[in-house]
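What the coordinates show
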Amino acid sequence: MWVLRRIGVALVLVWIVASVVFLAIRLVPGDPAEIMLSQGGVSPDAAVVAELRDQLGLDRSIWDQYRANFQGLLSGDLGVSLTDQASVSGQVFARLPRTLELIAVAALVSVLTGIPLGLLAALRRGGWFDRLAMGLAGLSLSVPVFVVGTLLVLVFAQWLALLPAGGFTPFRTDPTRHVAQVLMPAITIASSLAPVLFGMTRAAVIDVITRDHVRTARAKGVAPAGVVLRHVLRNALIPVVTVLALHLGTLLGGTVLVEYVFNYPGLSGLLVDAVNARDYPMVQGVVLVISVLFVALNLTMDLVYGVLDPRVRRA
Amino acid sequence: MRRINPIPLAAVGIIALLALLVPYLGLPDPVRIDVPNRLAGPSWQHLLGQDEVGRDILSRLLWGARSSLTVALLSATIACVIGTALGVMGGFLGGVVDLLTIRAADIVLCFPPLLLALLVVTLLGPGAATLIPVLALVYLPGFVRVAYAGVLSVRHQEYVEAQRALGVGKLRIMLRTVLPNIGGPVLVQFSLAMASAVVLESGLSFLGLGVVPPSPSWGLMIGAARSTMAQTPLPLLWPCLALTLTVLSMNALCDAVRAAVDPHGVPPRQRRWLLPALLPGLPFRAGASLAVRDLTVAIDTPAGAVRPVRSVSWSVAPGETLAIVGESGSGKSLTGLAVLGLLPLVARPEEGAVLFGERELLRMDEAALRRLRGAELAMIFQDPMSSLNPVHRIGTQIVEAIRAHRPLSRRSAWQEAVALLARVGIPDAARRARSFPHELSGGMRQRAMIAMAIANRPTLLIADEPTTALDVTIQAQVLELLAELKAENGMGLVFITHALPVVAEIADRVVVMYAGEVVEHGPVAEIFTRPLHPYTAALLRSAPPEDGSLPQAIPGTVPLPQHLPAGCAFAPRCVSRRDACEAAPPPLEQAAPGHDTRCIRWREWQRLPVTQGAEA
């Protein structure tokens, strides 16, 4: 029952986002037909523009367009791109896995570094390791992602020539090159995510370690490793997972800069190009997919949260 | 609000000052192109060299700071003013306003900030003029949220309610009372927004969607220098460095502001709590299971060490129950925790010894002490809700206690855990073992706690207020259970409580503690019929009498260990006080074999008829 209600709310949210995007993009000045036909700064012929508008259905009323748009959505059709007549869903689903892969690898790197280091720093609070790690996290958090990316390209691609400067190769074509090309952008994203997880883990561990139930575990004679893993880290993970989920959500569509720096053909790049060309169906398609994923991520996180913290489980 | 750390403040100040004074520094024109000297290295005219079209890098760097900080300051200010106003209105007026402001903010918050900025910028066209409202829009919901939360927390506080009752208008209350009170969190949010706006502005400019060329901007400089970075990396590194240093100092300032606004999170100093030296062999009661001798616990504070437990001695024999009574703050619990080596990190045993059989616990290393804890020596804690781990099943937590000391398989340990739960009187134990602590009642939780403590048949059990959180019927059942267990195993029991009626039921001997010291120590019958210390007598009077008459509370409170009176610690609250009481701390004297008191007038109390005791 609770899950059904959550899904219902999520669907309404997706519908609101889709409508807002639909309206915003049409209410803002800039005619896609005109933009498509303006090449080299020459104004296109008015008659040609009118013809194209008619062809694309842009001269119909907003309400008509809105209805047609959502009828298409309900039947699973995201429409075709205004610029090259390619199917929007084809384009989106070709690019989506690449961005998801990037985010997944970045999340993995961040979890594997941020959480253990955060735990260690909290356990050695005030010591040299803690201060060093805190300093590094603060620094890492302060360098904007595109600076990190650019510097990584400079050092590893230009100077050391260890990794390719960017681009994308499908895994099936060349697995090694694929991995090499995903590595740097993923690490770049992780450079901003890992310090967040580090800080959250450290703070949560410091908070949990003073709780009564940790004292109980010690009073039972549980070995230090068991106390730390089962009673401190286990409980401290609850807020860490919340923060991770929030940041993963922002990364959907938030990888624009990294994709640009590494010339990585992901979802964000598609969106930027589509907005520039006023390619309405494409913009809507991308935003819709991002918001559905965002909502799905939140739902999943609620379920994970239920596993982590039995107090929030519902009957 | 405390003082803000001056270092990040100074760093941000210097950057802001440079940005402010740029036009007056006599730098070369930041947009003057000098193609013949493109990518020239540092020279006297161009201290940091020239960029890909020969413009002066230093000049562009400082002008870039100016545009970056201007955009950040303006957008953060707009977001702050509008967002705070909306949040305050939403929080204070409630209803439709609440719905419109807060829900709208929530929806905007759903968008990744960069995506939102990107969408708006591409639709409205790039340039500093669009950048400011776009960034303001991105940070607006944060301020709405912070202000809203702040208002909700102060809205129902007494001084706001009082003003309402006095008929002060809502607008006046908002401006006069609520705004200054949410100032701290809003200030933190403002510094966060500033730092974040600098990053976002440079990111958008880097993509070519922010500041329009040829205006100087760090993001643009980095973007432009990328194409030539292989040959000449310096034009790339300078703006990277400037941007990083600026964001770093702004982030440090955020932390400093937060630390100044929110006094939490100041780490206490960590302390080792093993004693430096061994004490010579101390005499202890023959046959005692546990003997505490002259135990002093110290807590180091910036103002010097305070001693919440001072020179406390007592012992328990096998099968005996010793009750430690006293008000909150008397040092009872700390004594119990010190015995098991479970003192909080700030506290440490300073002197004395704890003898458990032949072993001295205070000087034992942690690994050896750990093997005793939960095995021969167990403890039950006061609040079973917070003392049980909320994320593990009850059974799992008992299994953990069993397997910490005995090499049993998970399965047989689980069976034993179920048997233990049944033993402490939990019905349907097999099912209950799979419950989480929050699914059980308070009484059940305390039974589970007891099951955990007796899992390895301890020879000594320290129970710290095990019945305080429970209602009277459950209390009686738990006491009965403890008595049974004691009889079964010949276990010694230390029962820490402030409830005297419970003591009469369960204890053999009683230790009365006040302000960190033992003030009276004796057999339970004598303590109850002829107390030899006015504090014991006052405690007895403060318990609800059986005849239904009103209990008499003890006026005043226990003095803090850092503000102890010069003489007897109880003298300021004592109705039998004499001048001599306040002159010097009274010694603990033996009034009868096995009965000690820390009152200089004990001989007078001894002569009083039974049931009156000290100062009837």
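Residues numbered from 1 in each chain as written. Chains lettered and ligands numbered in written order. Predicted model: local features only at pLDDT ≥ 70, side-chain atom pairs only at ≥ 80, totals over all residues. Heavy atoms only, no water.

**Overview of the interface of chain B and chain A**
The accessible area lost on association of the parts is a frequent measure of interface size. With 60 residues of chain B at the contact, the number on the chain A side is 60 residues. The junction of chain B with chain A conceals about 5200 Å² of combined surface from both sides, 70% of it contributed by carbon and sulfur atoms. The tally of links from chain B across to chain A stands at three salt bridges. A salt bridge links A:Lys220 to B:Glu400, with the nearest nitrogen and oxygen atoms 3.0 Å apart. (Contact = heavy atoms within 4.5 Å. Buried area = accessible area lost by both parts, 1.4 Å probe. Salt bridge = Lys/Arg side-chain N within 4 Å of Asp/Glu carboxyl O.)

**Comments concerning the domain arrangement of chain B**
Residue and element names in this part refer to chain B. The domain boundaries assigned to chain B delineate domain 1 (49-261), domain 2 (310-506) and domain 3 (509-607). The distance between the C-alpha centroids of domain 2 and domain 3 comes to 28 Å. Opposite the 24 residues of domain 2 that make contact, domain 3 presents 21 residues. The junction of domain 2 with domain 3 conceals about 1800 Å² of combined surface from both sides, 57% of it contributed by carbon and sulfur atoms. A salt bridge links Glu327 to Arg573; the shortest N-O distance between them is 3.0 Å. On the surface where domain 2 and domain 3 come into contact, there are twelve residue pairs in polar contact (both at pLDDT 80 or more). Those elements that place two or more of their residues in the side of domain 2 that touches domain 3 are β2 (304-316), β3 (321-325), α10 (332-340) and α18 (500-506). (Domains from an automatic or database assignment. Polar contact = N/O pair within 3.5 Å; in protein donor to acceptor, adjacent residues only side chain to side chain. Helix = DSSP H or I, 4+ residues; strand = E, 2+ residues; numbered from the N terminus.)

**Here's the deal with the nonpolar core**
Counting 145 residues, the largest nonpolar core has A:Phe146, A:Val283, B:Tyr139, B:Leu204, B:Ile222 and B:Leu243 as its most contacted members. With residues near it in sequence (within four places) discarded, B:Ile222 still touches A:Phe146, A:Val147, A:Thr150, B:Phe206, B:Leu236, B:Pro239, B:Cys240 and B:Leu243. The next biggest cluster of nonpolar side chains, apart from the first, holds 77 residues, and it includes B:Val309, B:Leu388, B:Val424 and B:Met513. (Core = buried A, V, L, I, M, F, W, Y, C linked by side-chain atoms within 4.5 Å. Buried < 20%, exposed > 50% of the residue type's maximum accessible area, 1.4 Å probe, protein only.)

**Regarding the sheet that holds strand β1 (residues 290-301) of chain B**
Residue and element names in this part refer to chain B. Reading across from one edge, β2-β1-β4-β5 is the order of the four strands in this open sheet, with antiparallel pairing throughout. In this open sheet, the two strands that pair with only one neighbour each are β2 and β5 (359-360). Pairing between β1 and β2: eight bridges, direction antiparallel. Bridge pairing in β2 links Leu290 to Val316. (Pairing = 2+ DSSP bridges.)

**Focus: the packing of helix α9 (residues 212-219) of chain A against helix α10 (residues 224-251) of chain A**
Residue and element names in this part refer to chain A. Interaxial distance between α9 and α10 falls to 10 Å at its minimum, and their mutual angle equals 170°. Here α10 runs roughly antiparallel to α9, going by the angle between their axes. Contacts from His213, Val214, Ala217 and Arg218 of α9 reach α10 at Val227, His231, Val232 and Asn235. Of the residues contributing to the contact of α9 with α10, the split by class is four nonpolar, three polar and one charged. (Axes fitted to C-alpha atoms, helices over the stretch in contact; angles between N-to-C directions. Parallel < 35°, antiparallel > 145°, perpendicular 65-115°, else oblique. Nonpolar A, V, L, I, M, F, W, Y, C, P; charged D, E, K, R; others polar.)

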